[in-house]
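Analysis of the macromolecular model
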Amino acid sequence: MDRRRFLGSTALAAAVLPLMGTGTAQAASRGHLLPPALNKGDTVGLVSPSSASSERLSLQLAREVMEALGFKVKTGAHYDARRGHLAGTDAERAGDLNAMFGDREVKAIICVRGGSGAARLLPLLDYASIRANPKVLLGYSDITALHCAIQARTGLVTFHGQIGAGSWNRFNVDQFDRLFFKRELMQYTNISDDDDELVPRSNRTLTLRGGTARGELVGGNLTVLTALAGSPYLPDFKDKILFLEDVAEAPYRIDRMFSTLKLMGALDQIAGFIFGECSDCTPGDGYGSLTLDQIFDDYIMPLKIPAYRGAMIGHIKEQFIVPVGGMVEMDADAGSFRLLEPVFSGS
């Protein structure tokens, strides 16, 4: 952000602070925007900013899920398009996003799926319009590129969570209901499955270093986030709680990406660290591999900050909906974190 824009946004924030609720005022004082809250009966927009859907049924399911949640649905002009593996050209996909942010009728934007290609859109997004029309953006995986860029360029709190065509089981629907409709200050604690074990094994967290820390959430998919290194689309990491997840990445690639985070100075700035699931991240054939434990020992333990792994974040059937930019307190000993402030305007 250039100096003139920064001074202008600071003056605007100062002018509106007395008119805001406490949660909104606290977020605005940090340069953050909160989206308006959602209600049943609102219109949501379905967009495909990344890969194309391989089957029409996925698009139909995404629409039916939103309707079952109580919304009216508007689809992007190119949400069912295809160009190679992408859901249309870069201009088409970015145009759908820009149109949804500019559409006063649309109260939230739901990404149909992730995949690959969202980073190609970042120079084409209308950040002034996004700043002027803040609204809920939901998605994960490749959508991390949008979360990072929008957080960096506008300060808008967005939401890392289930995609439209993903699994909307009881847990995920409950997350959506509690966060978006009931507007709870969420407590993110893993559920424990009854898996016929003397000591529970599923959904376990592991403390890397104990303690508590407070800060705004930043992060998402490790591969997508590190691919933005050196660009103007990475948010500030100073005093943040970094959360990460990934899928189908061999440990040597995970190690390389943590090395990138270290070399770019991000790891040395964070206040706390939460790792979700690294699904299907097993070593390949060869002479051997570092384990994820060893990678965390090398990069996270020396930071001497609260850290844990195993949070229900990532490419898993049941996953938290995490407000990117939301203020939280994490407890690494308990393996949990909680929202400290509302993440919707007027709350």
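Above this text is the structure in question.
All values derive from a computational prediction rather than experimental measurement.

A word on the sheet that holds strand 7 (residues 206-209)
The strand order across the open sheet built from 8 strands is 6-14-13-8-9-10-11-7, with neighbouring strands paired in mixed fashion. Strands at the two margins of the open sheet, each flanked by one partner only, are strand 6 (187-189) and strand 7. Shown here is a sheet whose adjacent strand axes are inclined to one another by a mean of 30 degrees, direction ignored. Pairing analysis gives 6 bridges linking strand 9 (residues 241-247) to strand 10 (residues 272-279), with the strands arranged parallel. Paired with Ile241 across the strands is Gly272, a residue of strand 10. Helix-sheet contacts for helix 9 (residues 251-263) involve strand 9 and strand 10, and the interaxial angle to strand 9 is about 155 degrees.

Considerations on the environment of Gly41
Checked against the element boundaries, Gly41 lands in the loop between helix 2 (22-29) and strand 1 (43-47). For Gly41, a relative accessible area of 36% translates into the label partly exposed. Gly41 sits 26 residues away from Glu67 along the chain, and the two C-alpha atoms are 9.1 Å apart. Once residues within four sequence positions are removed from consideration, Gly41 is found in contact with Gly70, Phe71 and Lys72.

Here's the deal with the state of the cysteines
Cysteine pairs can be covalently joined through their sulfur atoms, and such a bond is termed a disulfide. By the definition in use, this model includes 1 disulfide. Two residues, Cys278 and Cys281, share a disulfide whose sulfurs are 2.1 Å apart. The sign of the S-S torsion, about -80 degrees, decides the handedness of the disulfide formed by Cys278 and Cys281: left-handed. Each member of the pair Cys278 and Cys281 is classed as buried. No disulfide involves Cys111; its sulfur sits 13 Å from that of Cys148, the nearest cysteine. According to the relative accessible area criterion, Cys148 is buried, its value standing at 1%.

Re helix 6 (residues 144-154)
Buried residues dominate helix 6, accounting for 9 of its 11 residues. Of the positions making up helix 6, those classed as buried are Thr144, Ala145, Leu146, His147, Cys148, Ala149, Ile150, Gln151 and Thr154. Just downstream of helix 6, Gly155 is the residue with a positive phi angle, here 80 degrees.

About the criteria used
- Residues numbered from 1 in each chain as written.
- Predicted model: local features only at pLDDT ≥ 70, side-chain atom pairs only at ≥ 80, totals over all residues.
- Heavy atoms only, no water.
- Pairing = 2+ DSSP bridges.
- Helix = DSSP H or I, 4+ residues; strand = E, 2+ residues; numbered from the N terminus.
- Axes fitted to C-alpha atoms, helices over the stretch in contact; angles between N-to-C directions.
- Contact = heavy atoms within 4.5 Å.
- Buried < 20%, exposed > 50% of the residue type's maximum accessible area, 1.4 Å probe, protein only.
- Disulfide = S-S within 2.5 Å.

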